[in-house]
Amino acid sequence: MNLDPCPPGQRQIITTLNKPLMVSAGAGSGKTFTLTQRIAYALSEDTPDAQPVQSISQIMAITFTKKAAAELKSRIKRQLAGMGLVEEALKVDDAWISTIHGMCSRVLREHALELGIDPAFSVISETESKRYYEEAFDSVIKRIQESDDAALRGFVGSLDVYSQGPASPSIETWVRKITSRALALPEGFDAVVVPEVEGDPSALMRQMVELGETFISCLEGLPKPGKTDAKNHEATTKALEVANEYLLEYGGCTSFEDPNFEAARFVEAFFSFPKTSPKYHVKESDPAFFAEYRDAYAFAAGQVEAAFSARDVQALLRIARAVDEEYQCLKGAAGIDNVDLLRMAFHALADHPEIADAYQTQFRIIMIDEFQDTDELQVALVRALAQPGLSNVCTVGDAQQSIYRFRGADVSVYDRHLASVASTNEAGLIELADNFRSHGDVLAFVDCVFSQPSVFGRSFMSLSASRDPGRIDCPYQGSDPRIEVQLTTYPRGVASDAARATVAQRIAERFAKLVDEGHSAGDMVVLLGSMRCADI
């Protein structure tokens, strides 16, 4: 194979087959081309004997989407056919080149009898999965609302159960997040560690009563009390009344987890004591107690907030577990979803070492694309399939392009893997910083924005413009600069819809001018933060 046209980074990726590689590939850097060439090189006569690959069946390539997998297969087929490896080209359609879910499905079907599952299982659609989950959530919430569990019932009653919008916090939102993160871990919910609920509410309330009584004594001893002192005296007197009433009725509750603990009454009493500013009575002549009161109140409040936070997390985890159990029951054993595929495949490999050993022997090369959107469970799956030390694994990703954190993807997984590869093969950390897609002006603008300290800072990978201008089918023909930043401001009293209409008008005028100058409307796109204003 002639690798002379390839930049050094691409050439190193293509020819390194027996060491772990971690490739940081920027947008438009030719990573699909590089992966295609790597597979072709592995099957060519140029491959060193240190890593012999006799067939494409010994290569696994994981992509993020089915479309990407189809594109990679198409390119590999053309490349192999062009090299005269027709027999291998004919095997590409059956090769282990797929999404990670496709790979898991294949593992399960190949070993269905050993695993005790139907080899003809079907995967339910996202729509069906969503319907089952919503039904499960509704059922669990209804059971809680009708249960004798006062603490859990009170928790559900204290918050919005359902989301009122994208930015609206709710039990539903948090339960989905917890479930997504938990099921993205190999151990599932068992791996979720929540803090213990610590503290004695009655002791904390008595502490505040003592502080309040001393606070009043200090105020009454001031030679010239001011208006703020009078307000604090009145507020503390009322707070002491409320706190003592609470202790009279609930003083026996020594735990925030006590079934008889009244959270609302406690919060009302505890936080009725006045909060003083850091500048309140700080002169040398002022009693030192005012500073002590401020510190002691802040410390006690921190204990209270920690206890309530731990209670809330524990309640959410209980609800999340219950919803997941109900969801599994509703869809039944035959209803396998995408998460089940990952978890079932992981357990198949973990619980049946002979299956994992067979795949480790089979696959000489494993490549994973879009590694920045990988979670702990997916990494555990790859480790079970790979050779020791991930010596036959090449991962490709870009932390700057991570978009699936809401599904449990964790960029820290990417960072830990990067550190792992650096410790075993520092030369295996390769950057593909050449961009063959975008104009230099666009790349310079992106670099200017995203390399700022408030965004990615120094960690941002700057891309170099490397595309061949002679290969551009439709070069830019506009008379205005390629990059134009328009900032629209408007004074109070102007309706926001009117301002948005002005912005839309400016964009329309710019597009109309580009059309007049020879560009097609089909070459233009508007990216929006949300679809709320798309109809303007």
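This is a predicted model, so every value here is computed, not measured. (Residues numbered from 1 in each chain as written. Predicted model: local features only at pLDDT ≥ 70, side-chain atom pairs only at ≥ 80, totals over all residues. Heavy atoms only, no water.)

1. Some points on the environment of Leu-330
Piece 1. Here Leu-330 is to be found in helix 13 (residues 289–331).
Piece 2. Take Leu-330: its relative accessible area is 29%, and that puts it in the partly exposed class.
Piece 3. Sequence separation of Leu-330 and Val-175 is 155 residues, and the distance between their C-alpha atoms is 18 Å.
Piece 4. Not counting chain neighbours up to four residues away, the residues in contact with Leu-330 comprise Tyr-132, Glu-135 and Ala-136. (Helix = DSSP H or I, 4+ residues; strand = E, 2+ residues; numbered from the N terminus. Buried < 20%, exposed > 50% of the residue type's maximum accessible area, 1.4 Å probe, protein only. Contact = heavy atoms within 4.5 Å.)

2. A short note on helix 1 (residues 8–15)
Piece 1. By the burial criterion, the buried members of helix 1 are Gly-9, Gln-10, Ile-13 and Ile-14. Relative to the axis of helix 1, the buried residues are bounded by an arc of 130° and lie together on one face.
Piece 2. Residues of helix 1 that are buried sit in contact with strand 1 (21–25), helix 2 (31–43), strand 5 (393–397) and strand 6 (429–432). (Arc of directions from axis to C-beta.)

3. A look at helix 13
Piece 1. Compared with the 63 Å implied by 1.5 Å per residue over 43 residues, the 62 Å span of helix 13 between its first and last C-alpha is a close match.
Piece 2. Where helix 13 ends, the next residue or the one after it, Gly-332, has phi of about 75°, a positive value. (Expected span 1.5 Å × (residues − 1).)

4. Regarding the sheet that holds strand 4 (residues 365–368)
Paired through backbone hydrogen bonds, the strands of a sheet run either parallel or antiparallel to each other.
Piece 1. Across the sheet, which stays open at both edges, the six strands sit in the order 3-2-4-5-1-6 with parallel pairing between neighbours. The open sheet terminates on both sides in strands that have one partner only, identified here as strand 3 (96–99) and strand 6. Across the sheet, the mean angle separating the axes of adjacent strands is 15° when strand polarity is ignored.
Piece 2. Summarising the sheet, strand 1 and strand 5 pair through four bridges and their orientation is parallel. Bridge pairing links Val-23 to Val-396 in strand 5.
Piece 3. Helix 3 (residues 66–82) rests against strand 2 (59–63) and strand 3 of the sheet, and its axis sits at about 155° to strand 3.
Piece 4. Packed on one face of the sheet, helix 5 (residues 100–110) meets strand 2 and strand 3 and runs near 120° to strand 3. (Pairing = 2+ DSSP bridges. Axes fitted to C-alpha atoms, helices over the stretch in contact; angles between N-to-C directions.)

5. Examining unusual backbone geometry
Piece 1. Within the chain, Glu-370 stands out as a residue other than glycine whose phi angle is a positive 55°.
Piece 2. Along the chain, Glu-370 falls in the loop between strand 4 and helix 16 (376–385).
Piece 3. Of note in the backbone geometry, Leu-390 takes a positive phi value of approximately 55° without being a glycine.
Piece 4. If you trace the backbone, Leu-390 turns up in the loop between helix 16 and strand 5.
Piece 5. Overall, Leu-390 belongs to the buried group, its relative accessible area being 8%.

6. Comments concerning the packing of helix 11 (residues 227–250) against helix 12 (residues 263–270)
Piece 1. With their axes 8 Å apart at the nearest point, helix 11 and helix 12 run at an angle of 150° to one another. Taken together, the axes of helix 11 and helix 12 lie roughly antiparallel to each other. As for the relative orientation of helix 11 and helix 12, their crossing is left-handed in sense. For the pair helix 11 and helix 12, contact is made by Val-242, Ala-243, Glu-245, Tyr-246, Glu-249 and Tyr-250 and by Arg-265, Phe-266 and Ala-269, respectively.
Piece 2. Of the residues that constitute the contact of helix 11 with helix 12, the class distribution is six nonpolar, no polar and three charged. (Parallel < 35°, antiparallel > 145°, perpendicular 65-115°, else oblique. Left-handed = near helix turned anticlockwise from the far one by under 90°. Nonpolar A, V, L, I, M, F, W, Y, C, P; charged D, E, K, R; others polar.)

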